[in-house]
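# Understanding the architecture of this molecule
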Amino acid sequence: MKARIVTLPGDGVGPEVTAAAVAVLKTVAARYEHVFAFDEQLIGGIAIDTTGEPLPAATLAACRSADAVLLGAVGGPQWSDPNAPVRPEQGLLALRAALGVYANLRPLQVHPALANLSPLKNDKLRHVDVLFVRELTGGMYFGARTRTADAATDECRYSVAEIERVVRRAFELARNRRQHLTSVDKANVLETSRLWRSTVQRIAADYPDVKLEHQLVDSMAMLLLTRPNRYDVVVTENLFGDILTDEAAALAGSLGLLPSASLGDGRRGLYEPIHGSAPDIAGQGVANPVGAILSAALLLRHSLGLEVEAVAVEAAVEQVLRHGPHSRDIGGDAGTDAVRDAVIAAIDDHADTAAAFFCGARACG
Ligand code: NAD
Ligand code: IPM
Ligand code: MN
């Protein structure tokens with residue numbers, strides 16, 4: 001197939017991990033006979049430095065006409081002055097809103113080979129397989145803000161329609177997994193959470209096959225550490241989802257491992273690792289590219305419909321996590337490029353094995 005993919009490397013380690021993910025996608029294209037055209041554009045701090053805007057019009061236009069968008073990370077200390085008129089993160093938020101990608105899927109699995117890196121005991125980490133569905137285009141991230149000399153406000157607003165569409169997506173995903181959905185809110189205090197909860201309850205009637213539970217966000221933060229393998233799909237609002245998924249990444253062993261897919265109603269999606277620009281390690285060639293590479297796998301699956309290829313990338317990453325090489329954040333000493341090359345070699349192996357199996361089955365010699 002032919003696909004047009006916009007890449008937004010951004011700031012800090014963004015360009016390093018995005019380059020690795022693009023190399024993986026090029027391997028997939030060559031191996032499986034697809035034609036992927038890559039179009040690199042500016043976002044974030046580098047876009048501010050070059051154009052004055054965190055999301056230049058040319059970037060947004062390219063993203064709107066692409067089949068998928070692959071993003072690295074935005075932000076860094078040089079753009080973090082609290083009095084700065086414009087910030088890199090505004091570019092990312094504006095892009096999410098403009099593309100209408102309201103459902104942010106953040107899958108968490110704990111690889112047995114890395115379980116010793118987690119702050120939790122190994123037995124708690126067996127069979128951890130959680131899909132977080134974070135609402136991405138509403139809530140406090142997008143509410144009105146006010147500021148005077150001695151006070152500030154951030155409005156948190158949700159409409160029923162905004163809640164309903166992301167919750168339906170979560171129910172659909174749960175239906176195709178282990179039929180269990182946990183909805184996380186703060187309904188004992190927040191009005192938006194009470195609207196969230198009653199909307200979830202109403203929609204649940206359409207999904208009698210899915211077992212639903214509600215959990216308050218404070219206890220969920222605790223339960224994620226004490227019983228992480230109890231959860232299947234977890235749906236929550238924007239800010240709670242941001243915080244809980246960084247916590248979840250610690251269970252996996254490193255923030256550098258987790259991918260995400262941001263989806264709207266159409267096929268086009270925005271794919272990014274959940275980590276940031278990691279200014280403390282940027283430019284050293286040591287960032288873990290696995291979160292970005294797994295984001296590319298989600299891109300193949302959700303935007304291009306290439307399930308076999310997505311599984312091939314995930315299997316290759318699994319093999320590298322099992323046998324190494326490992327980057328520094330997960331206890332090894334391999335650089336970004338060495339991990340990338342190992343994943344590419346594993347994809348090649350996988351494709352060769354699959355081809356041999358196919359030919360064997362068809363006796364095509
Ligand atoms: P961060 O995620 O950048 O880093 C937190 C810690 O995790 C650091 O110690 C970092 O070295 C480590 N880490 C992150 N990714 C890694 C990787 N791939 N390999 C190895 N180690 C990795 O969070 P922060 O330091 O709080 O934020 C830095 C900047 O990134 C801020 O400007 C923030 O706004 C931005 N940010 C951007 C995104 C995004 O673009 N999606 C996400 C989160 C934070
Ligand atoms: C993330 C990041 C962003 C968010 C920031 C950079 C705006 O932390 O993607 O998780 O809070 O959504
Ligand atoms: Mn975050």
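Residues numbered from 1 in each chain as written. Chains lettered and ligands numbered in written order. Predicted model: local features only at pLDDT ≥ 70, side-chain atom pairs only at ≥ 80, totals over all residues. Heavy atoms only, no water.

### Quick notes on the overall build of the protein
Assigned secondary structure in the protein consists of eleven helices and twelve strands. Whereas a compact globule of 365 residues would reach a radius of gyration of roughly 21 Å, the protein reaches 20 Å, a difference of no more than 12%. For the C-alpha atoms alone, the extent of the protein along its principal axes is close to 70 × 50 × 40 Å. Burial analysis of the protein (365 residues in total) assigns 52% to the buried set. Sequence separation of at least 24 residues holds for 76% of the intrachain contacts in the protein that already meet a minimum separation of 6. When the accessible surface of the protein is summed, it comes to about 15,700 Å², and 54% of that surface belongs to carbon and sulfur atoms. When the 35 positive and 44 negative side-chain charges of the protein are each reduced to one mean point, those points stand 5 Å apart. (Helix = DSSP H or I, 4+ residues; strand = E, 2+ residues; numbered from the N terminus. Rg over C-alpha atoms; globule rule 2.2 N^0.38 Å. Buried < 20%, exposed > 50% of the residue type's maximum accessible area, 1.4 Å probe, protein only. Contact = heavy atoms within 4.5 Å. Areas by Shrake-Rupley, 256 points an atom, 1.4 Å probe, with all protein chains shown as cover. Lys, Arg positive; Asp, Glu negative; His and termini not counted. Charge placed at Lys NZ, Arg CZ, Asp CG, Glu CD.)

### Some details on the side chain of glutamate 162
Following the sequence through the fold, glutamate 162 ends up in helix 5 (residues 160-175). Within the buried core, glutamate 162 has no salt-bridge partner, and the shortest N-O distance to an opposite charge, that of arginine 157, equals 4.6 Å. Reaching out from glutamate 162, the side chain makes a polar contact with the backbone nitrogen of serine 159 at a distance of 2.9 Å. When near neighbours in sequence (up to four residues on either side) are disregarded, glutamate 162 contacts Glu135, Thr137, Gly138 and Arg157. (Salt bridge = Lys/Arg side-chain N within 4 Å of Asp/Glu carboxyl O. Polar contact = N/O pair within 3.5 Å; in protein donor to acceptor, adjacent residues only side chain to side chain.)

### A closer look at the site of ligand 2
Close to ligand 2 lie Glu89, Leu93, Arg96, Arg106, Arg134, Tyr141 and Asp242. The side chain of arginine 134 places a nitrogen or oxygen atom 2.7 Å from an oxygen atom of ligand 2. Contact distances for ligand 2 include 2.6 Å between an oxygen atom and a side-chain N or O atom of tyrosine 141. Against a free-state accessible area of 320 Å², the protein chains account for coverage of 79% of ligand 2. Looking at the shell around ligand 2, the element that brings in the most residues is helix 4 (residues 88-99), giving three residues. In the shell around ligand 2, the residues fall into two nonpolar, no polar and five charged. (Near = heavy atom within 4 Å. Nonpolar A, V, L, I, M, F, W, Y, C, P; charged D, E, K, R; others polar.)

### What about the nonpolar core?
Judged by nonpolar contacts, the single largest core of 93 residues is most densely connected at Phe36, Leu108, Val133, Val167, Phe171, Leu300 and Val343. Looking at which domains feed residues into this core, each of domain 1 (1-106 + 257-365) and domain 2 (119-252) supplies at least three. In contact with leucine 300, other than residues within four places in its own chain, are Leu25, Val28, Phe36, Gly305, Leu306, Glu309, Ala310 and Val313. Core analysis: the second largest hydrophobic core is formed by 17 residues, Val6, Leu60, Cys63 and Val69 among them. (Core = buried A, V, L, I, M, F, W, Y, C linked by side-chain atoms within 4.5 Å. Domains from an automatic or database assignment.)

### Points about the site of ligand 1
Around ligand 1 lies a shell of 20 residues, among which Val74, Glu89, Gly276, Ala278 and Asp280 are the nearest. At 3.2 Å, a backbone N or O of glycine 76 approaches an oxygen atom of ligand 1. Contact between ligand 1 and asparagine 288: a nitrogen atom at 2.9 Å from a main-chain N or O atom of the residue. About the coverage of ligand 1: the protein hides 70% of its 810 Å² of free accessible area.

### Here we look at helix 6 (residues 191-204)
Counted at 1.5 Å a residue, the expected span for helix 6 with its 14 residues is 20 Å, and the 20 Å between its end C-alpha atoms agrees. Here the buried face of helix 6 lies against strand 5 (129-135), helix 5, strand 8 (180-185), strand 9 (211-216), strand 10 (233-236) and helix 8 (238-252). (Expected span 1.5 Å × (residues − 1).)

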